[in-house]
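Structural overview for review
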Amino acid sequence: MNILIPVDMNSRYEAVITSIEESKYWAYIELDEGQIVNCEFLQKKEETNCWIDHIIIIDKSDYISEFKQKEFSVIKTTTQKSIDEIIEAFLLNKLTKLKP
């Protein structure tokens, strides 16, 4: 499973989620059996050439039609900020899936 998260820096343990407009990087997370097996940082979300299953955002106003057109699942975080907190909440179904 592949997930994209807009973040403020390119360090897995220091990066926090930001709005899409304010993001400096996109964390590209690969999950396998509930574990992060890869965490890469991209300057543009278009740099990935793999299928993206989910986009995780911090602000509903970030939910733009681009994601609808590509049929990505868009999920909103609430209080989780770091990559590990977000992924843990995702795996425990504690995030809000936005309707297409």
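Now for a quick tour of the structure. Worth saying up front: this structure is predicted, and the values here are computed from it rather than measured. (Residues numbered from 1 in each chain as written. Predicted model: local features only at pLDDT ≥ 70, side-chain atom pairs only at ≥ 80, totals over all residues. Heavy atoms only, no water.)

**Topic: the side chain of N2**
Residue position: N2 is located in strand 1 (residues 2-7). Ignoring sequence-local partners within four residues, the contact set of N2 consists of Y28, I29, E30, C50, W51, I52, D53 and H54. (Helix = DSSP H or I, 4+ residues; strand = E, 2+ residues; numbered from the N terminus. Contact = heavy atoms within 4.5 Å.)

**Overview of the side chain of S19**
Inspection of the secondary structure puts S19 in the loop between strand 1 and strand 2 (25-32). When residues no more than four places from it in sequence are discounted, the contact partners of S19 are P6, I58 and D62.

**Section: the pattern of salt bridges**
All told, the structure shown has 2 salt bridges when counted by the stated rule. Notably, a salt bridge pairs R12 with D84, separated by 2.8 Å at the nearest N-O pair. You can see R12 sitting in the loop between strand 1 and strand 2 and its partner D84 sitting in helix 2 (residues 83-91), a full 72 residues away along the chain. Look at D84 and you get partly exposed, because its relative accessible area is 29%. Across the pair E46 and K45 runs a salt bridge whose closest N-O atoms are separated by 3.6 Å. Accessibility expressed as a relative area gives 16% for K45, which makes it buried. (Salt bridge = Lys/Arg side-chain N within 4 Å of Asp/Glu carboxyl O. Buried < 20%, exposed > 50% of the residue type's maximum accessible area, 1.4 Å probe, protein only.)

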